Amino acid sequence: MNKHHIIKQLLILFAAVFSFGLVTAGTASASVFGDLYNQTLTAKKVKPTKVTANTVTMFDIVLKPQNEQQYYQEASDVNDPTKSDFKDFLTGPQIQAKYGQPQSVLNQWVALFKKNHLDAQPYKNGLVINVTGKVKYINKMFKMNMRTAQYHSDPLQFGKSKPSIPSDLQDTVLAVLGMADHSKGYFYPETDVSFNKNDDTPNYANSVNHGYTSRFTDTYGVDNLYKQGLTGKGQTIGIITFGNVVKSNLSHFWKHENASTDKNRFTVRNVKGNVVNKGYVSHDDSEATMDVEYAGSVAPQANIKMYYNKAATSDYMNLINSYLMAYDDGDVSAISNSWGLGPNNYFQILEKRHVMPSQYVQILNMVLAQGALQGISSFVAAGDNGALNYTISGISGNDVILDRSIQDCDPYPSNPWITSAGGTSLPFKKDMKINDKSMGTITNSKERAWGSDYYWPFLQANSNFLATMPEFWDLISDAGGGGFDQAYQTPDYQEGVPGVNTYNAREYLSQYNQPVFNAPLFHGTNWGRNYPDISANADSMTGYQVYQASSEKPWNNYGGTSVVSPQFAGVAALINSASGRQRMGFWNPQLYQLATKSDSPFHPLNDTDDNSNLYYTGQPGTVYNQATGLGTVDFSKLFDVFKCQIKLEILAAHQ
């Protein structure tokens, strides 16, 4: 399905929640969408595909790390220029030797599963074992029924009885992933309420000077990296997807962008995992197509390795396995993902229903920190719903009750071990018409945080516009993700950075997507992981062309922070391809140190007017705000600053 922007909330396929009508400073008008609005308050509770005794499925045994505190400290230190072991990255086997379970333990687990007719494959970190086999053998070994499986306090118990597993092996287990994915208690919400998307959007991607990729590369100094001969050659970018691509689309796009069309530059790795519901598998997915096309055009000579999950609406385990496979491959220097996991409250509901282990945040931290230890630059799209995130307030029968909240967010794009990619809007002017009659214009005069409040003056002047053009209702809630995630403490690299844990905000939208006009600015403090980290153009109004032959129009205009993330990964590949240069590694510790220096490569977007993600605005005089993070990046300058750091490191080593 074509969308004006693409960010798939991995398990949460929410459509926009439409409003009753316009409000001014809190006063609501009567709804012209009453029936439709009632439908969008709830979503269908989609249940997993049923399994039979002979169904082959998978689960992961997550083992306890050794020296866990040191594990995280080293993951930070090897990416911190002020530390002595900066850039001393580890390999998977080295991680196992220092922090994983010993080989003898892994061998015992493998032998035990083999005895029970199950195939076990440990990952190289010595911390996770992927297990494959028929449901009947899994049920027998664990004394359970996968269709009613629940997690207990004992991490290996999923039914009424505990399995007979040697105590020395039981003691090595932190949690098990995927065991209850087929349980009747597992679900994800889906909405099917939508309008046909308005095709009368400005096709600004056609106004670029040379190729559609240049909208990004010319705006953020990447073109200067090309002039220095950087192409990404010798680097491999990992793209995690939950849909497949048609290779001919990629070749067509890359040829158009003067990128390599060598058939060997693109490979697909099928990720080990479960297909939660087969009805949602996509073999020609627009999100995956966009991600691969733009990663491969920003870094025109880099190899692209797509980690494809057939699950389509991925479950948590599939995402974990995607990263672990990439880490094991060892050739990926940057990873991007444009799918989210869903709001934290969703996982808390699954946990209360005993179909999600309580350690889900801990495991996410452990796996993503491994990428930092291995010197991999990880990027995740921050989201397209602004700060007012979709959440779940309850369940009623087969319906999921939807809501929006500043307090709830996805624990994945806000994780402290990834670089969260936020969104901006570039300048534009659009003539708004009904039946070819001009109603006025929408104008954005500067690069700003991506937030559709640039519609507000027009909507105030044309109070009946949305009643006449209801397809614009979802457009007015578009904005870059950002805010605070209190599932995590504020990471060390953000501590003391001006703007972190303080904020300016306006309530541009009510809880139910009602535009609020003339809302007052207010200031506050908060805590937790502040996100995003850095931002770039993500607005479909100033968007990017994607080629997909199966579409009614093969070239289509797209946007979303999901196109920002793969382009950041492309830049990482460019910089990593410089002669004699070590990997950039995990960006954040270095970025936040650079942001406070006089030669900072960042451009903070600090205005309090016309600069919001529909809640957070800029903070004048700071280097960070929750709408765009540290702001936009001059990548040419970033490359020069990093180059100086490498030289200083080499000089220090010889003194």
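Because the structure is predicted, anything quoted here is derived from the model rather than measured. (Residues numbered from 1 in each chain as written. Predicted model: local features only at pLDDT ≥ 70, side-chain atom pairs only at ≥ 80, totals over all residues. Heavy atoms only, no water.)

Draft legend 1. Examining the overall build of the protein chain more closely. A tally of regular secondary structure across the protein chain gives 18 helices and 31 strands. Out of the 655 residues belonging to the protein chain, those deemed buried represent 64%. Nonlocal contacts in the protein chain, meaning residues at least 24 apart in sequence, comprise 79% of its contacts between residues at least 6 apart. With the model as given, the accessible surface of the protein chain reaches about 23700 Å², and the carbon-plus-sulfur share is 47%. (Helix = DSSP H or I, 4+ residues; strand = E, 2+ residues; numbered from the N terminus. Buried < 20%, exposed > 50% of the residue type's maximum accessible area, 1.4 Å probe, protein only. Contact = heavy atoms within 4.5 Å. Areas by Shrake-Rupley, 256 points an atom, 1.4 Å probe, with all protein chains shown as cover.)

Draft legend 2. Inspection of helix H17 (residues 588-595) at higher detail. Burial within H17 is extensive, with seven of its eight residues counted as buried. For H17, the full list of buried residues reads Asn-588, Pro-589, Gln-590, Leu-591, Tyr-592, Leu-594 and Ala-595.

Draft legend 3. Highlighting helix H5 (residues 135-142). Burial in H5 covers these residues: Val-135, Ile-138, Asn-139, Met-141 and Phe-142. Viewed along the axis of H5, the buried residues span an arc of 165°, placing them on a single side of the element. Its buried side turned inward, H5 meets strand E5 (56-63), helix H4 (103-115) and strand E7 (128-134). Phi turns positive one or two residues past the end of H5, at Lys-143, with a value near 55°. (Arc of directions from axis to C-beta.)

Draft legend 4. Expanded view of a positive patch on the surface. Taken together, the side chains of Lys-47, Lys-50, Arg-147 and Lys-184 make up a positively charged region of the molecular surface. Its location among the elements puts Lys-50 in the loop between strand E4 (42-46) and E5. (Patch = residues over 30% accessible without salt bridge, like charges linked within 9 Å, V, L, I, M, F, W, Y side chains within 5 Å. Salt bridge = Lys/Arg side-chain N within 4 Å of Asp/Glu carboxyl O. Lys, Arg positive; Asp, Glu negative; His and termini not counted. Charge placed at Lys NZ, Arg CZ, Asp CG, Glu CD.)

Draft legend 5. Structural detail: the confidence of the model for the protein chain. Across the protein chain, pLDDT averages 88, with 88% of residues at or above 70. Low pLDDT (under 50) marks residues 1-36, which in the prediction has 139 contacts with non-local residues, meaning those over four places away or in another chain. The model gives residues 192-199 a pLDDT under 50, and that stretch makes 16 contacts with residues more than four places away or in other chains. (pLDDT = per-residue confidence, 0-100.)

Draft legend 6. Up close: the packing of aromatic side chains. If you walk through the whole model with that rule in mind, you get 41 aromatic pairs. Between the aromatic rings of Tyr-346 and Phe-347, the centroid separation amounts to 5.4 Å while the plane-to-plane angle is 70°, which identifies the pairing as edge-to-face. For the ring pair Tyr-493 and Phe-586, a centre distance of 6.0 Å and an interplane angle of 75° mean the geometry is edge-to-face. In this pair, Tyr-493 sits in the loop between strand E22 (483-485) and strand E23 (502-505) while Phe-586 sits in the loop between helix H16 (561-576) and H17, placing the two residues 93 residues apart along the sequence. Taking relative accessible area as the criterion, Tyr-493 reaches 14% and is therefore assigned buried. The class of Phe-586 is buried, set by a relative accessible area of 1%. Taken together, the ring pairs connect Tyr-71, Tyr-72, Tyr-99, Trp-417, Tyr-493, Phe-586, Tyr-592 and Tyr-624 into an aromatic cluster. When the ring centre of Tyr-390 is taken as reference, the NZ or CZ atom of Arg-404 above it lies at 4.3 Å. (Phe/Tyr/Trp six-rings, centres within 6.5 Å; stacked < 30°, edge-to-face > 60°. Lys NZ or Arg CZ within 6 Å of the ring centre and 35° of its normal.)

Draft legend 7. Up close: the sheet that holds E5. The strand order across the open sheet built from four strands is E6-E7-E5-E8, with neighbouring strands paired in antiparallel fashion. Looking at the sheet topology across the chains shown, the edges are occupied by strand E6 (119-122) and strand E8 (173-177). Across the sheet, the mean angle from the axis of one strand to that of its neighbour is 20°, orientation sign disregarded. In this structure, E5 lies alongside E8, joined through four bridges in antiparallel fashion. (Pairing = 2+ DSSP bridges. Axes fitted to C-alpha atoms, helices over the stretch in contact; angles between N-to-C directions.)

Draft legend 8. Highlighting the side chain of Thr-622. Locating Thr-622 in the fold gives a position in the loop between strand E30 (602-603) and strand E31 (632-633). Filtering out sequence-adjacent residues up to four positions away, Thr-622 remains in contact with Pro-498, Gly-499, Pro-604 and Asn-606.

Draft legend 9. Main features of the packing of helix H2 (residues 68-77) against helix H3 (residues 92-99). Axis separation between H2 and H3 bottoms out at 10 Å; the angle between their running directions is 145°. Between H2 and H3, the residues in contact are Gln-70, Tyr-71 and Glu-74 and Ile-95, Lys-98 and Tyr-99, respectively. When its residues are assigned to classes, the contact of H2 with H3 shows three nonpolar, one polar and two charged. (Nonpolar A, V, L, I, M, F, W, Y, C, P; charged D, E, K, R; others polar.)

Draft legend 10. Quick look at the nonpolar core. Of all hydrophobic cores here, the largest spans 158 residues; its most connected members are Trp-109, Phe-142 and Phe-635. The element that contributes the greatest number of residues to this core is helix H13 (residues 360-373), accounting for 10 residues. Core analysis: the next-biggest nonpolar cluster, separate from the first, contains 32 residues, Trp-456, Leu-475, Ile-476 and Phe-484 among them. (Core = buried A, V, L, I, M, F, W, Y, C linked by side-chain atoms within 4.5 Å.)

Draft legend 11. Representation of the pattern of salt bridges. In the structure shown here, the tally under the stated rule is nine salt bridges. Among the ionic pairs, Arg-506 bridges to Asp-609, the shortest N-O distance being 3.0 Å. With a gap of 103 residues between them, Arg-506 in the loop between E23 and strand E24 (516-517) and Asp-609 in the loop between E30 and E31 connect regions that are remote in the sequence. What makes Arg-506 buried here is its relative accessible area of 12%. For Asp-609, a relative accessible area of 44% puts it in the partly exposed group. What you see here is one network of salt bridges that share partners, running through Arg-269, Lys-305, Asp-329 and Asp-331.

Draft legend 12. Molecular detail of the pairing of strand E15 (residues 377-381). In terms of burial, E15 is largely enclosed, as five of its five residues are buried. Covered by surrounding structure in E15 are Ser-377, Phe-379 and Ala-381 together with Ser-378 and Val-380, the residues of both alternating faces.

Draft legend 13. Examining the sheet that holds strand E17 (residues 399-405) more closely. Overall, antiparallel pairing links the four strands, which are arranged E9-E4-E17-E16 in an open sheet. Two strands lie at the open edges of the sheet, namely strand E9 (188-190) and strand E16 (389-396), each paired on one side alone. Neighbour-to-neighbour, the strand axes of this sheet turn through a mean angle of 45°, independent of strand direction. Sheet topology places E16 next to E17; seven bridges connect them, and they run antiparallel. Counterpart to Thr-391 in the pairing with E17 is Asp-403. Taken strand by strand, helix H12 (residues 344-352) contacts E9 and E16, and its axis lies near 30° from that of E16.

Draft legend 14. Broad picture of the packing of helix H10 (residues 286-298) against H16. Remark: H10 packs on H16, axes separated minimally by 8 Å, with the N-to-C direction vectors making an angle of 30°. Looking at the two axes, H10 sits roughly parallel to H16. Crossing of H10 against H16: the hand is right-handed. Listed contacts from H16 to Glu-287, Met-290, Asp-291, Tyr-294, Ala-295 and Val-298 of H10 are Ser-562, Val-563, Pro-566, Gln-567, Gly-570, Val-571 and Leu-574. Its residues assigned to classes, the contact of H10 with H16 comprises eight nonpolar, three polar and two charged. (Parallel < 35°, antiparallel > 145°, perpendicular 65-115°, else oblique. Left-handed = near helix turned anticlockwise from the far one by under 90°.)

Draft legend 15. Structural context of the pairing of strand E19 (residues 428-434). On E19, burial follows the alternation: Phe-428, Lys-430, Met-432 and Ile-434 on one face are buried, whereas Lys-429, Asp-431 and Lys-433 on the facing-out side are not. The pairing of E19 with strand E20 (residues 437-444) spans seven bridges and is classified as antiparallel. Within the sheet, the bridge partner assigned to Ile-434 lies in E20 and is Lys-437. Connecting the antiparallel pair E19 and E20 is a turn made up of two residues, with Asn-435 showing a positive phi of about 55°.

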